[in-house]
Amino acid sequence: LVVLVIFRKQIVIFSLAQRHSVRAAGAACLGSVNLKGRSCLTLKDFSSDEIKKLLWVSGDLKHRIKHEKQYLPLLQGKSIAMIFEKRSTRTRMSTETGFTLLGGHPCFLTSQDIHLGVNESCTDTARVLSGLCDVVLARVNSHSMLEELDREASIPIINGLSDLYHPIQILADFLTLQEHYGSLNGLTVSWIGDGNNVLHSFMMTAAKLGVHLKAATPKGYEPDKSVTEEAHRLAKQHGTQFILTSDPMEAARDSNVLVTDTWVSMGQEEEKKKRLKDFHGYQISMQTGSVAKSDWTFLHCLPRKMEEVDDQVFYSSRSLVFSEAENRKWTIMGLIVSLLTDYTPRIPMLKF
C-alpha cells in the first residue's frame, strides 16, 4: 500500500510537471507571434495563436496599467486617425482614451470632416493618412471601403465596425469570458438575434478558441452565406460545434453564454416596425436562461433596447455587459500595440 501511494505521488508530480511544460511551450509559441504591420479588417484573417496573442497582450496591459498603476507610453510620438461614418460611444471612447493612455495622439474625424469617398477618393485619403499618422481605425457603412483603404494605405487599418464584421467587439467579448470563466476552451456561446456583423465576427473566431457556437435567427435574418460556409469549415477544422436554428430556446439549451445585439441597427430605422414583429419571441429573459447551464452569463455589445433583453437579465449578476464594455478599451489597446510595436506580455500566458 505504501509503495502504491508513493507510485501515485510520482504520477501526480509527473503530471503537474508535464502540464507546466505544456503551458511554458504554449507561452513560448504565442510569444513568437508577431503582428506588427498587419491590418485587422476581420478575425477571419487571424489564426488561433494570433487571436490568443491579442487577448494575452490585452490582459497584460489591463493588469499592468489598471491594477499595477504602471505608466506605459508604448505609443509615444504616434498618432491614430479615427474615421467615423457612424456615431459611437464605446468604440470612440475606448480608442481615444486607450491611445492617449499609451502616450499617443488620437484624431477624431467624422463624415463632416473628411467626406470619405465624396470630396476625396478613398484611395487618396488612404495615401494621405499614411503620411500623416501611424494607424487608421475606421467605422464605416460598407466593408468594401475598409478593403480599399487597406489596399491603398501603407499603415495598418483597423475595422471599427462595418456592415460585415465587428472584430474589436469580439476581442472584448472573449477577454470578458476568459476573465469570468478562467478559460475559453469548451464553452458554448449562444447567439439569439439578428444575423449581423457581430455574429459574423463570432463565427470567424469561436472555433479558433475551442468555443462551440449556436445561433438562432428569425427566418430571413440568417447570417451571410459565405460567412456561414467558412464557419462550418472552421468548426470542422477545430473540432467544435456550429449550429444554426430559428428556435431561441434550442440555441440557449445547455449554453454557458447567451448573447444578443440590437435588432434595428443604424440605417435600418425604416425597417423597425417589421423587425420588431419578425423578432417576436427572441427577447432574452430568465425563462431563456432556464434551459442554459447553471453558470450561464449574458453579453450585449450595447446600446441595449428592452425588447432584446429584459431588465431582470440585463441588470442581474449574470450580466457581464459593463465589464464587456470596459474591455473594449483594453482589447483595442492590445490590438493597436500589437500592430504597431514588438511588445511582449509580462504576465503569464492566459489560460485558453
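Residues numbered from 1 in each chain as written. Predicted model: local features only at pLDDT ≥ 70, side-chain atom pairs only at ≥ 80, totals over all residues. Heavy atoms only, no water.

Trainee: I would appreciate a short explanation of unusual backbone geometry in the present structure.
Mentor: Note: most peptide bonds trans; most residues except glycine with negative phi. A cis amide bond links L302 to the next residue, P303, at an omega of 0°. Within the secondary structure, P303 sits in the loop between β9 (297-300) and α13 (311-314). In the Ramachandran plot, L161 falls in the positive-phi region, its phi being about 145° despite a non-glycine side chain. Locating L161 in the fold gives a position in strand β4 (residues 157-161). The backbone of D254 shows a phi angle near 60°, a positive value even though the residue is not glycine. Secondary-structure assignment places D254 in the loop between α10 (248-252) and β8 (257-260). (Helix = DSSP H or I, 4+ residues; strand = E, 2+ residues; numbered from the N terminus.)

Trainee: Is there a simple way to think about the pattern of salt bridges in this case?
Mentor: Two side chains carrying opposite charge are able to pair once their charged atoms lie near each other. Taken as a whole, this structure holds eleven salt bridges when the rule is applied. Between D342 and K36 there is a salt bridge, with its nearest N and O atoms 3.6 Å apart. You can see D342 sitting in the segment after α14 (321-340) and its partner K36 sitting in the loop between α1 (2-31) and α2 (48-67), a full 306 residues away along the chain. Here R38 makes a salt bridge to E50, at a shortest N to O gap of 3.1 Å. On the criterion of sequence distance, the pair formed by R38 in the loop between α1 and α2 and E50 in helix α2 is long-range, its members being twelve residues apart. (Salt bridge = Lys/Arg side-chain N within 4 Å of Asp/Glu carboxyl O.)

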